[in-house]
Each structure stands twice: as structure tokens, then as C-alpha cells.
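Descriptive structure summary
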Amino acid sequence: SLFITDECINCDVCEPECPNDAISQGEEIYEINPNLCTQCVGHYDEPQCQQVCPVDCILIDEEHPETHEQLLAKYYKIAQEK
Ligand code: SF4
Ligand code: SF4
């Protein structure tokens, strides 16, 4: 999944772009729920939140790498639960 760094300026433009409703306003800054973020796999070729963030504070979580197959599996799991 992706995560939001503390550079976030709480501009709110990323939240409506997420096809998985993975982004929400946290206590200080916006947050991404890693259980819902598929890095946009299944929906788009590029992570939509990264495309719109004006300060480029949305990064890939290198400490928890996920393969394309894992992200696709997450996409199907979320689709089933909807
Ligand atoms: Fe949502 Fe896609 Fe951003 Fe993940 S990468 S938080 S799924 S918009
Ligand atoms: Fe924060 Fe970037 Fe989202 Fe704006 S687009 S709320 S700066 S993460």
C-alpha cells in the first residue's frame, strides 16, 4: 500500500479520488488504510492519490512490499465485501 507522510497539508484532494475509499482524515493528517489500498491495482494504471497530491507526500510503503498478485487479490477481496 501507499502511505501519507507528515508533509501532508490536509488539502483533501486525494480522498475523493480513491476508488477503494482507503483515504480518510486522521487526527493530524490524512491517512491511508493499508487493508484497503491496492495501489489502485484493479482500477487504474497509476495510484490516483499520488497523481493529485500537490505536495507529493504520498509514498510507497517500502517496508511492507506487495506483489501485483497480492494487490490484485486484495482488490478482489474488497470487491466481494462491498
Ligand atoms: Fe486509494 Fe489508489 Fe491511493 Fe491506494 S493508491 S490510497 S487505492 S487512490
Ligand atoms: Fe495530504 Fe496530499 Fe492528500 Fe492533500 S492530496 S490531503 S496533501 S496526502
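What you see is a predicted model, and the numbers here were worked out from it, not measured in a lab.

Some remarks on the side chain of Asp61
Following the sequence through the fold, Asp61 ends up in the loop between strand S4 (58-60) and helix H2 (68-81). Of the buried charged residues, Asp61 lacks a salt bridge, with Lys74 as the closest side chain of opposite charge at 9.1 Å. At 3.2 Å, the side chain of Asp61 and the backbone nitrogen of Glu63 are in polar contact. Of the polar contacts made by the side chain of Asp61, one reaches the side chain of His64; its length is 2.7 Å. When residues no more than four places from it in sequence are discounted, the contact partners of Asp61 are Ser1, Leu2 and Phe3.

Thoughts on the pattern of salt bridges
Within the structure shown, the criterion is met by 2 salt bridges. The partner of Lys74 in a salt bridge is Glu66, with the nearest N and O atoms 2.8 Å apart. The exposure class of Lys74 is buried, given its relative accessible area of 14%. On the basis of relative accessible area, Glu66 is assigned to the partly exposed category, the value being 26%.

Some details on the environment of Leu71
Residue placement: Leu71 occurs in helix H2. Leaving out residues up to four positions away in the same chain, Leu71 has contacts with Cys37, Thr38, Gln39, Val41 and Glu66.

Regarding the nonpolar core
If you look at the biggest cluster of nonpolar residues, it comprises 15 residues, and the most contacted ones within it are Ile4, Ile23, Ile32 and Ile58. In this structure Ile23 touches Ile4, Cys14, Glu15, Cys18, Tyr30, Glu31, Ile32 and Cys49, once residues within four positions along its chain are discounted.

Topic: the site of ligand 1
Taken together, Leu2, Cys18, Pro19, Asn20, Ile23, Ile32, Cys37, Thr38, Gln39, Cys40, Pro47 and Cys49 make up the full set of residues adjacent to ligand 1. For the shell around ligand 1, the class distribution of residues is 9 nonpolar, 3 polar and no charged.

About the cut-offs
Residues numbered from 1 in each chain as written. Chains lettered and ligands numbered in written order. Predicted model: local features only at pLDDT ≥ 70, side-chain atom pairs only at ≥ 80, totals over all residues. Heavy atoms only, no water. Helix = DSSP H or I, 4+ residues; strand = E, 2+ residues; numbered from the N terminus. Buried < 20%, exposed > 50% of the residue type's maximum accessible area, 1.4 Å probe, protein only. Lys, Arg positive; Asp, Glu negative; His and termini not counted. Salt bridge = Lys/Arg side-chain N within 4 Å of Asp/Glu carboxyl O. Polar contact = N/O pair within 3.5 Å; in protein donor to acceptor, adjacent residues only side chain to side chain. Contact = heavy atoms within 4.5 Å. Core = buried A, V, L, I, M, F, W, Y, C linked by side-chain atoms within 4.5 Å. Near = heavy atom within 4 Å. Nonpolar A, V, L, I, M, F, W, Y, C, P; charged D, E, K, R; others polar.

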